[in-house]
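Working through the structure, step by step
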Protein chains: 2
Amino acid sequence: MNTIDLLRSHRSIRKFTEQPVDDDLAESIITAGLSAATSSNLQGTTVIRVCNPNTRAAIAELAGGQTYVETAGAFFVWCADLHRSAVACEMAGGEFHGGMTEHFIIATTDCAIAAQNAVVAAESVGLGICYIGGIRNDPAQMTELLDLPEQVVPLFGLCIGWPDQDPALKPRLPISVTLKEETYDTTSEREGIAAYDAHMREYYLERTKGKVDRTWSADMSALLGKESRPHMRSYLDSQGMNQR
Amino acid sequence: MNTIDLLRSHRSIRKFTEQPVDDDLAESIITAGLSAATSSNLQGTTVIRVCNPNTRAAIAELAGGQTYVETAGAFFVWCADLHRSAVACEMAGGEFHGGMTEHFIIATTDCAIAAQNAVVAAESVGLGICYIGGIRNDPAQMTELLDLPEQVVPLFGLCIGWPDQDPALKPRLPISVTLKEETYDTTSEREGIAAYDAHMREYYLERTKGKVDRTWSADMSALLGKESRPHMRSYLDSQGMNQR
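What counts, and at which threshold
- Along each chain, numbering runs from 1 in the same order as the chain's sequence is written.
- A letter from A marks each chain and a number from 1 marks each ligand, given out in the order of writing.
- Two thresholds apply to this predicted model, a pLDDT of at least 70 for residue-level local features and 80 or more for giving and counting side-chain atom pairs, whereas whole-chain, interface and lining totals are computed over all residues.
- Values shown for side chains rest on all heavy atoms present in the structure; no hydrogens or waters enter the calculation.
- Runs of H or I in DSSP of at least four residues are treated as helices and runs of E of at least two as strands, each being numbered from the N terminus.
- Using C-alpha atoms as the atom set, the radius of gyration is obtained and then compared with a globule rule of 2.2 Å times the number of residues to the power 0.38.
- Whether two residues touch is decided by their heavy atoms; if any such pair falls within 4.5 Å, the residues are in contact.
- A 1.4 Å probe and the Shrake-Rupley method give the accessible areas. Residues count as covered only by the protein chains that appear here.
- What sets the superposition is a least-squares fit of C-alpha atoms, and only residues with pLDDT of at least 70 in both copies go into it.
- A 1.4 Å probe rolled over the protein chains alone gives each residue an accessible area, and that area as a share of the maximum for its type sets the label: buried under 20%, exposed over 50%, partly exposed in between.
- Only Phe, Tyr and Trp rings take part, Trp by its six-membered ring, and two of them pair if their centres are within 6.5 Å. Stacked means planes under 30 degrees apart, edge-to-face means over 60, and tilted covers everything else.
- Charge over a ring is defined by NZ of Lys or CZ of Arg lying within 6 Å of the ring centre and within 35 degrees of the ring normal.
- To obtain each axis, a line is fitted to C-alpha atoms, and for helices this fit is confined to the stretch in contact; angles are then taken between N-to-C directions over 0 to 180 degrees.
- Working rule for angles: under 35 degrees goes down as roughly parallel, over 145 as roughly antiparallel, 65 to 115 as roughly perpendicular, anything else as oblique.
- Polar here means any residue outside two lists: the nonpolar Ala, Val, Leu, Ile, Met, Phe, Trp, Tyr, Cys and Pro, and the charged Asp, Glu, Lys and Arg; Gly therefore counts as polar.
- By this definition, two strands are paired if DSSP reports at least two bridges between them.
- Cavities and pockets are defined on a 1 Å grid built over the protein atoms alone: a cavity is a set of grid points where a 1.4 Å probe fits but cannot escape, while a pocket is an open set with protein on both sides within 12 Å along at least five of seven lines, and lining residues are those with an atom within 4 Å of any such point.
- Grid points are joined across faces, edges and corners, and a volume is the space filled by probe spheres set on the points.
- Two helices crossing with the near one rotated counterclockwise from the far one by less than a right angle form a left-handed crossing, whereas a clockwise rotation gives a right-handed crossing.

**Let's talk about the overall build of chain A**
From N to C terminus, chain A includes 11 helices and five strands. For 244 residues, the compact-globule formula gives about 18 Å, and the C-alpha radius of gyration of chain A, at 20 Å, lands near that figure. Long-range contacts, defined here as pairs at least 24 residues apart, represent 80% of the contacts in chain A between residues at least 6 apart. Here chain A has roughly 9500 Å² of accessible surface; of this, 47% comes from carbon and sulfur atoms.

Structure, rendered in structure tokens:
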């Protein structure tokens, strides 16, 4: 399969075989991930591999009962990291003022870019993956479990393992809605969303034999019509991130 | 080349030939990008392709004189986008409370993950890329240039084109510093940073025939010892993002 076809065939995998992920392969995947572009060579990413079954069980639970955190061949926590740079500043005899919102954007973006590179590396050898945003349900407990210093924020988990399921591709918004020319033209956005709503409704009905009758708009309304992880602001502040 | 080798051979490209990037190929690259995982199917990414030479010149200038924004075969602005979801909430007859820090993290992460997928797609066919974080020098002007609605934030630009240079790989921090086991162990971090400092010093000296004598720690001290884009906090607030 060529790489563009590989990228277009991504599905999240939530059921894995018991086959472990070889240590050398895991390190090769993470190294490939960390070869991605990084803003001003900051390299604002730290990856923590978690093997301890008790820690895995605790993370699975705080993430909302995502049992595949326990069963995946390998599990990694991706952290936006300015701690290491703070140490470097001290070693260079300089000051550190890394608590600004812009610094948080840089580290978060660095981390997500590196993680996705690792995901592509994993999928290219036939492994399946699932991002675990649910670790942000309780970042304070994650910080304690992983002994994270200040200026380190656990952004998401990543399950990697050998797939034991073959789920269908999830349809995406039409490219006419997500790719624009020259400016952000809103003219046909409602039309595009309505078309996608119809598409997703069909997808859900078919996958659940008629039990789930939902649209994307309804999903967005459920997701964004309420508060989401209201602790994030003060948690970031307590870690010295996104402060001003 | 296998995919892991491709990922490990990434260099940013800042000099491009005059050969354009075919429209179909560009759309295929962006479609591959947007096939990446997305949090709760939010798809919080909008890509704006900019061809207009005046807009390109304005962006090149506000990004700090990065002329390759003008000369790259294709140039895209990647936006963290909750506007479309806000419209969907309205279409579903629901409310929208997407101004929280957590929502900003979701959209930013979605956008960076999709962009990196597009980068891998581009590099897999021999194109070169360069991220342009410099568009955050003046996000208000970017907002005006691209006519961005509220809840849309220009995160970075992306030059894609046929390479007209072949730069050396930039060394990365040793994996012993960036990949940890079970917890965030700080024991050997100074040793690892010192080793990388020596490595980077050699890299700079060699690349500049002895003119640039710098370490990573010194770079970090220059980068993080001062304020960085202090307008980001209030800009995001004015766009209805990262508010609470």
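**As for the relation of the copies chain A and chain B**
Of the two same-sequence chains, chain A is brought onto chain B (RMSD 0.0 Å, axial shift 0.0 Å) by a rotation of 180°. On the angle and the small slide along the axis, the relation comes out as a two-fold axis. Most of the interface of chain A is mirrored in chain B, where 100% of its interface residues again form contacts.

**Here we look at unusual backbone geometry**
We note that Gln151(A) has phi near 70°; this positive angle belongs to a residue other than glycine. By the element assignment, Gln151(A) lies in the loop between helix 7 (139–146) and strand 4 (152–161).

**A closer look at the side chain of Thr55(A)**
All names here are of chain A. Turning to its location among the elements, Thr55 is positioned in helix 3 (residues 53–62). Its relative accessible area of 12% is what places Thr55 among the buried residues. Here Thr55 is in contact with Val50, Leu145 and Leu146, once residues within four sequence places are set aside.

**Remarks on the packing of aromatic side chains**
Here the structure, examined in full by the defined rule, presents six aromatic pairs over all chains. Sitting over the face of the ring of Tyr184(A), Lys180(A) holds its NZ or CZ atom 4.5 Å from the ring centroid. Sitting over the ring of Tyr204(B), Arg214(B) keeps its end group 4.5 Å from the ring centre.

**A few points about the packing of helix 9 (residues 189–207) of chain B against helix 10 (residues 216–224) of chain B**
All names here are of chain B. Where helix 9 contacts helix 10, the two axes come as close as 7 Å, and the packing angle between them is 95°. Relative to helix 10, the element helix 9 lies roughly perpendicular. Between helix 9 and helix 10, the residues in contact are Ile193, Tyr196, Asp197, Met200 and Tyr204 and Trp216, Ser217 and Asp219, respectively. Taken together, the residues of the contact of helix 9 with helix 10 break down into five nonpolar, one polar and two charged.

**As for the sheet that holds strand 2 (residues 74–81) of chain A**
The strand order 3(A)-4(A)-2(A)-1(A)-5(B) describes an open sheet built from five strands, whose pairing is mixed. Two strands close off the open sheet at either side, each with one partner strand: strand 3 (128–132) of chain A together with strand 5 (179–181) of chain B. With direction set aside, neighbouring strand axes in the sheet form an average angle of 25°. Bridge analysis of strand 3 of chain A against strand 4 of chain A gives five bridges, and the strand direction is antiparallel. Each bridged residue has a counterpart across the sheet, and for Ile132(A) the counterpart in strand 4 of chain A is Gly157(A). Each of strand 1 (45–49), strand 2 and strand 4 of chain A is contacted by helix 7 of chain A, which is oriented at about 75° to strand 4 of chain A, the strand it contacts most.

**Description of empty space enclosed by the protein**
All names here are of chain A. With the rule as written, the count across this model stands at one cavity of 30 Å³ or more. As a volume, the largest cavity reaches approximately 100 Å³. Around the largest cavity, the lining is made up of 13 residues, and of these Leu34, Thr38, Gln43, Thr45 and Ala114 lie nearest the centre. Looking at the lining of the largest cavity residue by residue, the classes come out as four nonpolar, six polar and three charged.

**Observations concerning the packing of helix 5 (residues 83–91) of chain A against helix 9 of chain B**
Between helix 5 of chain A and helix 9 of chain B, whose axes approach to 11 Å, the crossing angle comes to 70°. Between helix 5 of chain A and helix 9 of chain B, the angle is such that the two are roughly perpendicular. In the packing of helix 5 of chain A onto helix 9 of chain B, the handedness of the crossing is right-handed. Packed against helix 5 of chain A, whose contacting residues are His83(A), Arg84(A), Val87(A), Ala88(A), Glu90(A) and Met91(A), the element helix 9 of chain B presents Glu189(B), Arg190(B), Ile193(B) and Ala194(B) at the interface.

**A short note on the sheet that holds strand 3 (residues 128–132) of chain B**
Consider a sheet: its strands pair through backbone hydrogen bonds, and that pairing is either parallel or antiparallel. A sheet is described by the order of its strands in space; here five strands give the open sequence 5(A)-1(B)-2(B)-4(B)-3(B), paired in mixed fashion. The open sheet has two edge strands, strand 5 (179–181) of chain A together with strand 3 of chain B, and neither has a second partner. Taken over all neighbouring pairs, the strand axes of this sheet differ in orientation by 25° on average, direction set aside. Bridge count between strand 2 (residues 74–81) of chain B and strand 4 (residues 152–161) of chain B: eight bridges; the pairing is antiparallel. If you follow Trp78(B) over to strand 4 of chain B, its bridge partner there is Phe156(B).

**Regarding helix 5 (residues 83–91) of chain B**
With seven of nine residues buried, helix 5 of chain B is to be regarded as a mostly interior element. Listed as buried for helix 5 of chain B are His83(B), Arg84(B), Ser85(B), Ala86(B), Val87(B), Ala88(B) and Cys89(B). Those residues of helix 5 of chain B that are buried lie in contact with helix 8 (175–178), helix 9 (189–207) and helix 10 (216–224) of chain A together with strand 1 (45–49), strand 2 and strand 4 of chain B. Phi turns positive, to about 75°, at Gly93(B), one or two residues after helix 5 of chain B.

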